[in-house]
Each structure stands twice: as structure tokens, then as C-alpha cells.
Amino acid sequence: SAGKGTSLVGLSFSGAIGLTFLLLSCGLEQFGVYWPLFVLIFYVLSPVPHFISRRLDDGDSASNACRELAYFLTTGIVVSAFGLPVVLARKEVVSDVLGGACGLVMAGNAVIFLTIFGFFLVFGGGDDFSWEQW
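Residues numbered from 1 in each chain as written. Predicted model: local features only at pLDDT ≥ 70, side-chain atom pairs only at ≥ 80, totals over all residues. Heavy atoms only, no water.

Defined as follows: UniProt positions are given in the numbering used here, feature names are shortened, and annotations may be inferred rather than shown by experiment.
An unreviewed UniProt entry annotates the chain as Leptin receptor gene-related protein originating from Denticeps clupeoides. On record in UniProt, under Sequence similarities (unreviewed entry), the comment for the chain is "Belongs to the OB-RGRP/VPS55 family."

1. Topic: the overall build of the chain
How we decide: The secondary structure listing takes helices from DSSP runs of H or I that are at least 4 residues long and strands from runs of E that are at least 2 residues long, numbered from the N terminus. In this scheme, a residue with accessible area under 20% of its type's maximum is buried, one over 50% is exposed, and one in between is partly exposed, where area comes from a 1.4 Å probe on protein chains only. In what follows, a contact means two residues having at least one pair of non-hydrogen atoms within 4.5 Å. Computed with a 1.4 Å probe, the accessible areas rest on the Shrake-Rupley method; for each residue, only the protein chains presented here act as cover.
Tallying secondary structure elements over the chain gives 5 helices and 0 strands in all. A buried classification covers 31% of the 134 residues belonging to the chain. When contacts within the chain are restricted to residue pairs at least 6 apart in sequence, those whose partners lie at least 24 apart make up 66%. Counting only carbon and sulfur atoms, one obtains 68% of the accessible surface of the chain, whose full area is about 8400 Å².

2. With respect to the UniProt feature "transmembrane region" (unreviewed entry) in the chain
UniProt marks residues 6-24, 31-49, 69-89 and 101-124 with the feature "transmembrane region" (unreviewed entry), using the numbering shown here. For the annotated span residues 101-124, helix accounts for 96% and strand for 0% of the residues, and the straight-line distance between the end C-alpha atoms is 33 Å.

3. Digging into the packing of helix α3 (residues 48-56) against helix α4 (residues 65-91)
Just so we agree on the cut-off: What counts as an axis is a line fitted to C-alpha atoms, over the stretch in contact for a helix, and the angles between N-to-C directions run from 0 to 180 degrees. For this classification, under 35 degrees means roughly parallel, over 145 means roughly antiparallel, 65 to 115 means roughly perpendicular, and everything else is oblique. Three residue categories are used. Nonpolar comprises Ala, Val, Leu, Ile, Met, Phe, Trp, Tyr, Cys and Pro, charged comprises Asp, Glu, Lys and Arg, and polar comprises the others, including Gly.
Orientation of α3 relative to α4, taken along the N-to-C sense of each, is 175 degrees, at an axis distance of 8 Å. The orientation of α3 relative to α4 falls into the category roughly antiparallel. Facing Pro-49, His-50, Ser-53 and Leu-56 of α3, the residues of α4 in contact are Cys-66, Arg-67, Ala-70, Leu-73, Thr-74 and Ile-77. Its residues placed into classes, the contact of α3 with α4 shows 6 nonpolar, 3 polar and 1 charged.

4. Overview of α4
Going by this rule: By definition here, a helix of n residues has an expected span of 1.5 Å times n minus one. A residue's bend is simply the angle between two axes: one fitted to the seven residues ending at it, one to the seven starting at it.
Taking 1.5 Å of rise per residue, 27 residues should cover 39 Å, and α4 covers 37 Å from first to last C-alpha, within 8% of that figure. By the largest-angle criterion, Gly-83 marks the main kink of α4, which is about 30 degrees, and a proline, Pro-85, follows within four residues.

5. Some details on the nonpolar core
What counts, and what does not: Working definition of a nonpolar core: buried Ala, Val, Leu, Ile, Met, Phe, Trp, Tyr and Cys residues. They are joined through side-chain atoms within 4.5 Å.
Membership of the largest hydrophobic core is limited to 9 residues, which are Leu-22, Val-39, Phe-42, Tyr-43, Ile-77, Ala-81, Val-105, Ile-112 and Phe-113. Mapped by element, the contributors of at least two residues to this core are α2 (39-45), α4 and α5 (97-123). What Phe-113 contacts, discounting residues up to four positions off in sequence, is Phe-42, Tyr-43, Ser-46, Val-78, Ala-81 and Phe-82.

As C-alpha cells, this is what we get:
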């Protein structure tokens, strides 16, 4: 459908903006560090608990332990992604991360996680969801 195609383009654009923030936090000459790129691991891991819980979900109850555990693990992954640049800045592993680079990583995190959330809102709502539809 045209609505999902437009949504996919918008989500792709916002994902590119978020990754641009992340790469700017690493690549700008005054920062010159690549430690913040470790948040890419959190971007990849964040949807995994949701995929596992949807695979194991029986669907007949309003709330189940598997889904609640998936929400908990996803929340932990997202909080860790926001915490990593702060820990790096406080530990002074990266000299200027506290100022500009940490802010760019935080902005990139917000945009990327909102993009991932938007993807699940647009494409993950129905029972007829399959990866082959687009």
C-alpha cells in the first residue's frame, strides 16, 4: 500500500539522520574518537527481545511473562545505549565527549530508537505481518 511505502521512506530518512548524528560524534576532527560507535550494538540488540516474544507468544492473554520480560530487556538495552556515552564522558575515556560528542550521540540515540519504535508501530501491528510484503 502507498501508506506503508511512504512510511518506509520516512523511517529510512529518520534512520539516516540518526546515524548521521552518531557518525558526526565520532568523525568530527575536534572529537576524533570512535568509542561512541559501540552504541550500534544496542541498536541491533534492541528489537531482538520483541522478536523472540512475538515468536513465543500464545496470543490468548492480555499480558504474559514472556512479553513483560521482552519489554524489560528492551528497556534495559535502550537505557544502556543512552548511558554508554555518559559513562565514557564521566570516565574521561574520551576527552571531549561530555560536550559535543555526547550530545550528538544522545540526539542520534533518540532519533534511532524513535525510528525503531515507528517501524514496529507501522509494520508490526497486524497478525498478517510478514517480511515478504515489502
